[in-house]
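Chain and residue survey
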Amino acid sequence: MTEIVAMPAGAVTSEAEKRGQPVWRLLLGRPTFDVGVAILLFWIICAIFGESIAPHNPLAQQLLGTNKPPSAQHWFGTDSLGRDVLSRVITGSRSILIIAPLATLLGTVLGTALGLALGYLRGIVDTVVSRVVEAVLALPAIIIIFLFVVALGVSTLNQVLIIGFIFTPLIARTVRSAVQVEGQLDYVPAARLLGERSGRMMFVEILPNVLPTVLVEFTVRLGYAIFAVATLAFLGFGVQVSTPNWGTDISASYVLLGAGYWWETLFPALAIASLIIGINLVADSIEQVLAG
Amino acid sequence: MARYLLKRVGLAIVTLFLLSVIIFFAGEVLPGNPARSILGPLAAESAVRALDHQLGVDRPLLTQYWSWITGMLHGNMGESYQYQSPVEPLLRAALANSAKLAALALIVIIPLGILGGVVAALNVGRPVDRIISLTGLSAATVPEFVSGIVVIVIFSVVLKWLPATAQAPAGSSFLTQLRYLLLPAIPLVFVLFGYIARMARAGTIEALDSDYVRTATLKGLRRQVVIWRHVLRNSLLPTITVIATQTGYLIGGLVVVETLFNYQGIGNLIYHAATAKDFPMLEAGVLTVGVIYMVATLIADVLTTLLNPRLRTGAIR
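Residues numbered from 1 in each chain as written. Chains lettered and ligands numbered in written order. Predicted model: local features only at pLDDT ≥ 70, side-chain atom pairs only at ≥ 80, totals over all residues.

Examining the overall build of chain B
This is how it is decided: Labels follow the DSSP assignment, with helices taken as runs of H or I lasting at least four residues and strands as runs of E lasting at least two, numbered in each case from the N terminus. Partly exposed residues are those whose C-beta has more than 12 but fewer than 20 other C-beta atoms within 10 Å; 20 or more makes a residue buried and 12 or fewer makes it exposed, with C-beta atoms placed from the backbone. By the convention adopted here, residues are in contact when the distance between their C-beta atoms, placed from the backbone, does not exceed 7 Å.
Along chain B, the regular secondary structure elements total 13 helices and zero strands. Ordered by position from the N terminus, the helices and strands of chain B form the series α-α-α-α-α-α-α-α-α-α-α-α-α. Overall, the C-alpha framework of chain B stretches about 85 × 55 × 35 Å when taken along its three principal axes. Considering chain B as a whole, with its 317 residues, one finds that 39% of them fall into the buried category. Taking the contacts inside chain B whose residues are at least 6 apart along the sequence as the reference set, 70% of them involve residues at least 24 apart.

A few points about the overall build of chain A
Along its length, chain A carries 13 helices and zero strands. For chain A, the sequential pattern of α-helices and β-strands runs α-α-α-α-α-α-α-α-α-α-α-α-α. The proportion of buried residues among the 292 residues of chain A is 46%.

Points about the packing of helix α5 (residues 87-122) of chain B against helix α10 (residues 223-260) of chain B
All names here are of chain B. Which entries qualify depends on this criterion: Only the stretch in contact is used when fitting a helix axis, every axis being a line fitted to C-alpha atoms; angles between N-to-C directions are given from 0 to 180 degrees. Left-handed is the label given to a crossing in which the near helix is rotated counterclockwise from the far helix by less than a right angle, and right-handed is the label when the rotation is clockwise. Three residue categories are used. Nonpolar comprises Ala, Val, Leu, Ile, Met, Phe, Trp, Tyr, Cys and Pro, charged comprises Asp, Glu, Lys and Arg, and polar comprises the others, including Gly.
With their axes 10 Å apart at the nearest point, α5 and α10 run at an angle of 145° to one another. Like other packed secondary-structure pairs, α5 and α10 cross with a definite hand, here right-handed. Contacts between α5 and α10 involve S98, L101, A102, I110, I114 and V118 from the former and L232, L236, T239, I243, L250 and L254 from the latter. The residue makeup of the contact of α5 with α10, split by class, is 10 nonpolar, two polar and no charged.

Focus: unusual backbone geometry
Residues and elements named next belong to chain B. Despite not being glycine, Q84 has its phi angle at roughly 55°, a positive value. Among the secondary structure elements, Q84 is positioned in the loop between α4 (61-73) and α5. For N262, which is not glycine, the phi torsion reads 50° and is therefore positive. Structurally, N262 can be placed in the loop between α10 and α11 (266-275).

Some points on the nonpolar core
What counts here: We call a set of buried Ala, Val, Leu, Ile, Met, Phe, Trp, Tyr and Cys residues a nonpolar core when their C-beta atoms link them within 7 Å. Domains are outlined according to an automatic or database domain assignment.
Counting 152 residues, the largest nonpolar core has A:I145, A:I226, A:V229, B:I149, B:I196 and B:I270 as its most contacted members. In terms of residue count, the dominant contributor to this core is helix α11 (residues 198-237) of chain A (18 residues). Shared between two domains, this core takes at least three residues from each, and those domains are domain 1 (18-92 + 262-292) and domain 2 (97-242) of chain A. Those residues in contact with A:I226 that lie beyond four places of it in its chain are A:I96, A:A100, A:L275, A:I276 and A:I279.

Some thoughts on the domain arrangement of chain A
Residues and elements named next belong to chain A. Splitting chain A by domain gives domain 1 (18-92 + 262-292) and domain 2 (97-242). Of note, the centres of domain 1 and domain 2, computed from C-alpha atoms alone, are 27 Å apart. Contacts between the two partners involve 14 residues from domain 1, matched on the other side by 12 residues from domain 2. It is helix α13 (residues 263-291) that contributes the most residues to the side of domain 1 that touches domain 2, 10 residues altogether. Here the side of domain 1 that touches domain 2 is composed, by residue class, of 12 nonpolar, one polar and one charged.

Description of the interface of chain A and chain B
Listed per partner, the contact involves 37 residues of chain A and 40 residues of chain B. Only α7 (123-137), α8 (141-152), α11 and α13 of chain A provide two or more residues apiece to the side of chain A that touches chain B. Considering each element in turn, the side of chain A that touches chain B owes the most residues, nine residues, to α13(A). Here the side of chain A that touches chain B is composed, by residue class, of 28 nonpolar, six polar and three charged.

Topic: α10(B)
Formally: Under the convention used throughout, the expected extent of a helix is 1.5 Å for every residue step, that is, one less than its residue count.
The end-to-end C-alpha distance of α10(B), which contains 38 residues, comes to just 46 Å, noticeably less than the 56 Å that a straight helix rising 1.5 Å per residue would cover. Directly beyond the C-terminal end of α10(B), a positive phi value near 50° is found at B:N262.

A word on α11(A)
Convention followed: The angle between axes fitted to the seven residues ending at a residue and the seven residues starting there is what we call the bend at that residue.
For α11(A), which comprises 40 residues, the first-to-last C-alpha distance of 42 Å sits more than 12% below the rise-based estimate of 58 Å (1.5 Å per residue). Approximately 65° is the largest bend angle found in α11(A), and it occurs at A:L207, with the proline A:P208 only one to four residues beyond.

Quick notes on the confidence of the model for chain A
Residues and elements named next belong to chain A. Let me state the cut-off plainly: For every residue, the predictor assigns a confidence score, pLDDT, that lies between 0 and 100.
On average, residues of chain A score 80 in pLDDT, and 89% of them reach the 70 mark or higher. Within chain A, helix α6 (residues 94-121) carries the highest mean pLDDT (90), whereas helix α1 (residues 2-12) carries the lowest (39). Long-range and interchain partners of residues 1-16, a stretch whose pLDDT sits below 50, account for 26 contacts in this model, where long-range means more than four residues apart.

Concerning the packing of helix α7 (residues 144-158) of chain B against helix α8 (residues 174-208) of chain B
All names here are of chain B. Stated precisely, the cut-off is as follows: Throughout, the term roughly parallel applies to angles under 35 degrees, roughly antiparallel to angles over 145, roughly perpendicular to angles from 65 to 115, and oblique to all others.
The interhelical angle for the contact between α7 and α8, taken along N-to-C directions, is 140°, at an axis separation of 9 Å. Here α7 lies oblique to α8, going by the angle between them. The interaxial crossing formed by α7 with α8 has right-handed handedness. Residues E144, S147, G148, V151, I152, F155 and S156 of α7 pack against L183, I186, P187, L188, F190 and V191 of α8. Of the residues assigned to the contact of α7 with α8, the class counts are nine nonpolar, three polar and one charged.

Side note on the environment of B:V128
Residue and element names in this part refer to chain B. Here V128 lies in helix α6 (residues 127-141). Look at V128 and you get partly exposed, because 13 C-beta atoms sit within 10 Å. Here V128 is in contact with V119, A120 and N123, once residues within four sequence places are set aside.

Describing the environment of A:V175
Residues and elements named next belong to chain A. Its location among the elements puts V175 in helix α9 (residues 156-183). Along the primary structure V175 and L257 are separated by 82 residues, whereas in three dimensions their C-alpha atoms are 44 Å apart. Excluding its chain neighbours within four sequence positions, the residues that come into contact with V175 are G111, T112, G115, L116, G119, V210, T213 and V214.

Let's talk about the confidence of the model for chain B
Residues and elements named next belong to chain B. For chain B, mean pLDDT is 80; residues scoring 70 or higher make up 93% of the total. Element-level mean pLDDT values for chain B span from 60 in helix α13 (residues 309-312) up to 87 in α5. Among the prediction metrics, the complex's ipTM stands at 0.73, with pTM recorded as 0.79.

Some remarks on the environment of A:A191
Residues and elements named next belong to chain A. Position of A191 relative to the elements: it lies in helix α10 (residues 187-193). Given 18 C-beta atoms within 10 Å, A191 falls into the partly exposed group. In the structure, A191 is positioned 149 residues away from F42 in sequence and 46 Å away in space, judged by C-alpha atoms.

This is how it looks when you write it as structure tokens:
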């Protein structure tokens, strides 16, 4: 019986098994992955040690030196309160790097569980849930997210919960179709004939075989989570404290673009773009390696 | 065929009903009392209760839902709390503005996305393919306000070629309006490029791999003829579907772009309704977005059916 169970597992990690190398080594051999990880590590280090790296105090206001263009002393210039933009960019990654991964993790865990259940159990529950999911998906995710943020208030926890719950059906849909493919392989009926119960079937037999799908889904969704958190902050739904935050800083300074003060807005915007591009490079590499 | 379309329309109506329920009850979950937010924190409790009664928000939820949805079906969208005037004309004007912006974005993006996808597919696995795919993926996940800022800085602040706002002065000519809409359209183009290119790429690869293309090549047709006559025609089918489903994302993008460029469209309207807790406006706006999306996907499904002879003759389904 073990032979039957082992076969499809081999089919999943195709490229890795073919070349007889562990997945992490294949990943490290890809330049896109290395660049992506380097960008991510840079921002993670900034998020943790930001205050020690930053050349100035990101909160210190200089009312005589407001809206100064980039110079030797302030590489990225100063904002409308005379705060050093470079220091705010360095320390501004923190909240986004806390909220986005937690929200994605929540959505992935719930979505995987739901997807397993829907794909394995099928029937009336599947039909009803799929209908509701489709109704929700008829709206742009960002509109639903800010609808609920307005309703529940803008705390870090609320943003994690709302984005996590919105991701749940999206991830569930992907996992569900992967589970349905697995369900057609021989090992599923074989295990069922052995008398395994549904819970064990889903989490012990099927889950390991759809894990690559789940991992790809996680990294791709992480990019969207950062998109969502940054957009919420830009729309004024960021956590309202004086700590530096890319999206909030942009929403405070973009009206000054017309006055020519581009540095206050452009540098945080480029920071967001670089973080998202880094994650995409990583996500794309993982997808290429795991999907073979 | 007729049976399939009937089933498809039926499903769309069920989904719309579910959507209306979700929107209505999500609107009611929003904390904050409408009368209180209109009258301000200093108003007397009795005045608040009187206005609640006048607005009808003290009735049972089911009654409120029923009068709301029947009103919607008759084109009566209620009164906006923040403007104290009917929602319908405001929504109509905003929708017309958004339609202009969205149309411009789509006119640019559809040929560009298809071209990108087809070029990537014809060079599958080569650097060109990887560059197009990665650019598309990154452009699709960079928030619209970020790419919007970059284009404002380049074309408006540094080069001073185009205005940084989208709203042309009243009574402007078509070309002036177009000039104002050019910059806001770019972020939308960025977001959609990746999706459309990816679908066009997948469709083209599948078509290139098919038996009829092998037959066409083996009977001695030139590669260009094979691509134009056999590959493209079949690869564009899934692309039509994805363009329709992207209308949803497009409207999501409009919320951000219209805020950044200060443009009076439906995204801006929904955003301001949400921040002002203007429930009638918010619910009508979001429901309109849902209806537009459902109609767009329905049209896409019908088009796909009409263009695919196997579905048309009922060989499948």
